[in-house]
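Residue-level listing of the chains:
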Amino acid sequence: MEIRSLDIPEEVLQFYLDSGIEKLYPPQAEAIEKGLLDGKNILAAIPTASGKTLLAELAMLKSISKGGKALYIVPLRALASEKFDRFREFSSIDLKNGKDRGVRVGISTGDFESRDEWLGSNDIIVATSEKTDSLLRNGTAWMEEITTIVVDEVHLLDSANRGPTLEVTLTKLMKLNPECQIIALSATIGNAYEVADWLGAGLVRSEWRPTDLREGVYYGGNINFRGSQKLIAASSKDDAINIILDTLEDGGQCLVFESSRRNSVGFARRAGAKVSQLLDRPTRDALDSIVEQVLENGETEASKVLAQCIRNGTAFHHAGLNSAHRRLVEDGFRENKIKVICSTPTLAAGLNLPARRVIIRSYKRFDSNFGMQPIPVLEYKQMAGRAGRPHLDPYGESVLVAKSYGEMQQLFDNYIDADAEDIWSKLGAENALRTHILSTIVNGFANARDGLMEFIEATFFAHQNDTWGLMEVVDDCIDFLKEHDMLKGDTRLVATPFGNLVSMLYVDPLSAATMLDGLDKAENITELTLMHLVCKTPDMRQLYLRSGDYELINDFVITHAEEFSEIPNQFKDTDYEWFLAEVKTALLVLDWINERPMDDISKSFNVGEGDIHALAELSEWLMHSLSRLARVRGHPAADMAGMLEKRIHYGARPELMELVGIRGIGRVRARRLYDSGLKTVEDIRKADPAVIGKLIGTKTAGKLLREIGMHIDIDPGNPDDVGSKTMDSLIGNEQSTFSDFEK
DNA sequence: GCAATTGCGTTCTAGACAGCATGTC
DNA sequence: CTAGAACGCAATTGC
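Everything numeric in this text was worked out from a predicted model, so none of it was measured. (Residues numbered from 1 in each chain as written. Chains lettered and ligands numbered in written order. Predicted model: local features only at pLDDT ≥ 70, side-chain atom pairs only at ≥ 80, totals over all residues. Heavy atoms only, no water.)

Q: Report on the overall build of chain A, specifying residues and quantitative values.
A: Each helix and strand in chain A was counted, giving 32 helices and 20 strands. Whereas a compact globule of 743 residues would reach a radius of gyration of roughly 27 Å, chain A reaches 28 Å, a difference of no more than 12%. Referenced to the eigenvectors of the C-alpha coordinate spread, the extents of chain A come out at roughly 75 × 70 × 65 Å. Burial analysis of chain A (743 residues in total) assigns 55% to the buried set. The contacts of chain A with a sequence gap of at least 6 include a subset with a gap of at least 24, amounting to 69%. Once the 85 positive and 113 negative side-chain charges of chain A are each reduced to a mean point, those two points are 4 Å apart. (Helix = DSSP H or I, 4+ residues; strand = E, 2+ residues; numbered from the N terminus. Rg over C-alpha atoms; globule rule 2.2 N^0.38 Å. Buried < 20%, exposed > 50% of the residue type's maximum accessible area, 1.4 Å probe, protein only. Contact = heavy atoms within 4.5 Å. Lys, Arg positive; Asp, Glu negative; His and termini not counted. Charge placed at Lys NZ, Arg CZ, Asp CG, Glu CD.)

Set out below in structure tokens:
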């Protein structure tokens with residue numbers, strides 16, 4: 001189908017023609033035929049890279065040209081910014097719809113809100129599903145103006161954690177805007193028709209891809225495909241490494257999936273030793289510049305390991321990396337400098353990072369209840385689907401690795417030839433219903449038990465299940481919410497001010513109850529008390545308790561026993577071990593706010609920088625909530641919690657709060673200034689600029705002074721020379737040697 | 001005699017959304 | 001109760 005033949009505004013047509021798009025892919029054409037441009041709802045269950053985004057774009061732009069507004073819902077922040085960047089290109093499209101300007105795009109996620117004066121003034125708003133839910137809870141006015149909703153990765157409905165939120169949010173949006181067009185994008189799933197039916201959408205289902213995908217299994221020196229074989233030279237003992245070398249000699253790149261972080265790091269290192277021999281001079285130079293940036297942007301041992309890998313042309317990727325490292329690895333791979341990424345499932349879904357060949361080294365993953373479990377077909381398909389870069393690779397290949405002939409056959413049957421699983425609503429669980437029942441009442445979508453059931457009837461859960469069994473769970477939730485002063489009334493249910501706050505803070509009602517209950521029970525409230533309460537909530541992610549931790553943490557608990565609001569019975573070991581894990585998590589965050597160096601924290605808790613930031617971010621939000629909740633209850637701990645919130649944000653002790661408030665000054669620089677007697681902004685004003693320059697580097701010092709409103713040039717002599725190098729020698733930071741890594 | 005290999009026991013296990021108010025090293 | 005990879009260390013084989 002020709003793009004010229006579409007019923008879209010001239011300016012939109014020109015935009016796509018300019019970017020070289022003339023014809024639609026078959027699944028896209030099918031969506032058009034099913035009414036995409038006539039406002040019909042569409043569910044597109046098609047592979048990644050087969051043009052889902054274009055589908056959504058056409059519908060959104062068409063709708064905007066008629067004066068509408070689009071909401072694009074994504075599951076990941078990273079995806080939100082990827083889409084945001086893409087849609088910003090539409091600013092050149094003037095739809096002449098009376099607004100006399102290009103298409104405007106805004107973004108709204110937990111960590112990043114559009115700088116635009118008012119989010120709602122945009123034509124397209126990109127948001128995560130939780131943020132959409134939150135906006136809805138806060139009664140955002142423009143939600144009713146939405147005319148097109150795009151739901152990316154709608155198969156996430158199946159996720160136990162996050163599916164219910166997506167489901168309830170969509171239900172609310174449909175109730176709010178019954179005329180609204182919905183474009184749902186999904187991976188290939190078994191029961192796509194069921195989702196389509198729920199949404200009242202036309203179904204486009206296809207396996208079509210712009211780049212050929214061959215799925216195979218490696219066994220006995222060959223990659224075996226259905227009907228063909230490819231011999232892999234055995235130049236190393238490790239099969240997967242041989243497959244990598246084969247890919248590289250063919251000019252391609254490899255994405256390797258592993259089940260654990262340790263394995264992915266280990267494999268990237270081993271593979272690097274071989275891969276490095278194939279690198280040419282220009283590639284080496286390009287890699288060296290990435291290595292430099294990796295070292296500049298890391299504070300822990302892990303940076304050195306990553307640097308060594310990248311020097312060799314490989315890299316690992318998992319959630320323990322800090323965001324700078326993540327970006328360097330992803331970009332380095334996109335620019336074809338890094339040849340191999342060995343990743344945990346971080347890269348399986350979401351980010352657009354295709355490779356010539358995908359190797360799935362392990363299709364099993366640990367589950368604390370069932371041991372090693374094979375991953376779902378859906379997940380396999382998503383990993384395999386990463387193979388083949390459209391327009392760049394002639395084809396893509398995915399390879400599972402088998403250790404026996406039987407295993408190979410099994411892999412063919414269970415993955416390559418298998419259909420993806422059906423997806424199932426997880427809304428029936430009490431922990432999901434608890435929070436959504438509260439928000440539904442707060443929002444006025446229901447105000448009684450019957451109304452609640454009526455609302456639930458409109459969800460995907462009700463579409464798949466009988467709801468008669470749900471009544472009991474719903475009643476349990478209502479009881480819980482009443483018991484904790486979040487709801488009141490009998491025939492007519494109303495949210496209390498406290499319940500309203502819980503809903504707006506976006507915490508699980510159980511978290512709120514846990515925190516307040518803890519405050520009531522605690523006798524001697526200290527920072528530890530509050531930090532532990534935060535770590536005890538179901539919204540917090542706890543650290544694993546490793547062998548040896550038990551004794552250590554237990555000793556700590558004994559010496560600080562009176563600071564905990566409650567200590568479970570030590571002889572009910574599961575309870576007690578959970579408790580110890582909470583305490584361990586609290587200890588990490590306490591280390592963070594007591595300025596323990598990143599590297600120390602990383603070593604003693606065996607976590608990466610990414611984990612530390614994630615835990616800090618999480619506990620900051622919960623500490624904020626604790627503070628707000630305590631305040632409405634008139635509990636004196638509110639102030640202490642407020643201070644802790646601030647300290648978690650900056651990762652510093654109280655005395656640094658003034659300095660750390662200055663832009664460009666974080667925990668490390670603030671500490672350096674403070675310890676040299678520059679304890680306040682006023683001290684800095686009075687200080688000799690040269691002294692400040694010595695402490696934190698001339699460049700930063702200049703920025704600092706400008707930031708506090710002073711315009712003084714420092715040391716006009718040789719400005720470039722006094723940068724970070726001086727700093728390093730000042731604090732004895734050896735520019736590390738990496739010889740110890742290459743065994 | 002010393003290096004390489006095998007064997008055994010131990011250890012550990014993926015990811016990531018949200019508030020609020022503006023900016024880490 | 002469930003599984004498997006990797007590592008460290010010791011015993012064994014190999015030259």
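Q: Give me the pairing of strand 5 (residues 124-128): which residues, what numbers.
A: Within strand 5, five of the five residues are buried, which leaves the element mostly enclosed by the surrounding structure. Alternating positions in strand 5 separate into two faces, I124, V126 and T128 on one and I125 and A127 on the other, with burial throughout.

Q: Now, about the state of the cysteines: what can you tell me, with residues and values included?
A: This structure, assessed with the given rule, holds zero disulfides. Cysteine C254 shares no disulfide, and the gap to the nearest cysteine sulfur, in C342, comes to 10 Å. Here C309 stays free of any disulfide, with the sulfur of C342 as its closest cysteine sulfur at 9.1 Å. C309 gets classed as buried once you look at its relative accessible area, which sits at 2%. (Disulfide = S-S within 2.5 Å.)

Q: Requested: an account of empty space enclosed by the protein, with residues and values cited.
A: According to the stated counting rule, one finds five cavities of 30 Å³ or more in the structure shown. What lines the largest cavity is simply V168, L427, L433, H436, I437, T440, L452, F455, I456 and T459. Elements represented by at least two residues in the lining of the largest cavity include exactly helix 15 (430-442) and helix 16 (449-457). Element by element, the count of residues in the lining of the largest cavity is highest for helix 15, at four residues. Along the lines of polarity and charge, the residues of the lining of the largest cavity split into seven nonpolar, three polar and no charged. (1 Å grid on protein atoms, 1.4 Å probe; cavity = no way out; pocket = protein on both sides within 12 Å on 5 of 7 lines; lining within 4 Å. Points joined across faces, edges and corners; volume = space filled by probe spheres on them. Nonpolar A, V, L, I, M, F, W, Y, C, P; charged D, E, K, R; others polar.)

Q: Break down the protein's contact with DNA strand B for me, citing the residues and quoting the values.
A: As a matter of local geometry, DNA strand B sits amid 47 residues, with L618, E645, I665, G666 and R667 nearest to it. The sugar-phosphate portion of DNA strand B accounts for 62% of its atoms within 4 Å of the protein, the bases making up the rest. Contacts to DNA strand B include A319, whose backbone N or O atom sits 2.7 Å from a phosphate oxygen. The separation between a phosphate oxygen of DNA strand B and a polar side-chain atom of R546 is 3.4 Å. Mapped onto the surface near DNA strand B, the elements with two or more residues apiece are helix 5 (129-137), strand 16 (364-367), helix 19 (497-505), helix 25 (609-632), helix 26 (637-650) and helix 28 (667-675). Of the residues forming the surface near DNA strand B, the biggest block, six residues, is contributed by helix 25. Along the lines of polarity and charge, the residues of the surface near DNA strand B split into 15 nonpolar, 15 polar and 17 charged. (Near = heavy atom within 4 Å. Polar contact = N/O pair within 3.5 Å; in protein donor to acceptor, adjacent residues only side chain to side chain.)

Q: For the pattern of salt bridges, give the residues involved together with the corresponding values.
A: Per the stated rule, a full pass over the model turns up 52 salt bridges. Residues R261 and D611 are paired through a salt bridge, measuring 2.7 Å at the closest nitrogen-oxygen approach. A residue pair is termed long-range when its members are at least 10 positions apart, and R261 in helix 9 (residues 261-275) and D611 in helix 25 qualify at 350 residues. Taking the relative accessible area as the measure of exposure, R261 reaches 32% and is therefore partly exposed. The structure contains a network of salt bridges with shared partners spanning R214, K230, D246, R357 and E397. (Salt bridge = Lys/Arg side-chain N within 4 Å of Asp/Glu carboxyl O.)

Q: Tell me what's going on with the side chain of T188, and back it up with residues and numbers.
A: Structurally, T188 can be placed in the loop between strand 7 (181-186) and helix 7 (192-199). Note on T188: relative accessible area 12%, which makes it buried. Apart from the residues within four sequence positions on either side, T188 is in contact with A45, I46, S206, E207, L378 and A420.

Q: Give me the sheet that holds strand 14 (residues 340-343): which residues, what numbers.
A: Strand order in the open sheet made by the eight strands is 11-10-9-18-15-12-14-13, with mixed pairing throughout. Every other strand in the sheet has two partners, leaving strand 11 (228-231) and strand 13 (314-317) as the edge strands with one partner each. Going from strand to strand, the sheet's axes swing by 25° on average, the running direction of each strand aside. The pairing of strand 12 (residues 254-257) with strand 14 spans four bridges and is parallel. (Pairing = 2+ DSSP bridges. Axes fitted to C-alpha atoms, helices over the stretch in contact; angles between N-to-C directions.)

Q: Pulling in residues and values, what's your account of the layout of surface pockets?
A: Taken as a whole, the second largest pocket encloses approximately 1200 Å³ of empty space. Lining of the second largest pocket is provided by 43 residues; of these, A49, G51, T53, K83 and N352 occupy positions nearest its centre. At the level of secondary structure, the elements contributing two or more residues to the lining of the second largest pocket comprise helix 3 (52-65), helix 4 (77-87) and helix 12 (323-334). At five residues, the largest contribution of residues to the lining of the second largest pocket is made by helix 4. Across the lining of the second largest pocket, the residue classes break down as 15 nonpolar, 13 polar and 15 charged. Residue assignment places the lining of the second largest pocket across two domains, with domain 1 (3-205) and domain 2 (213-416) each supplying three or more. (Domains from an automatic or database assignment.)

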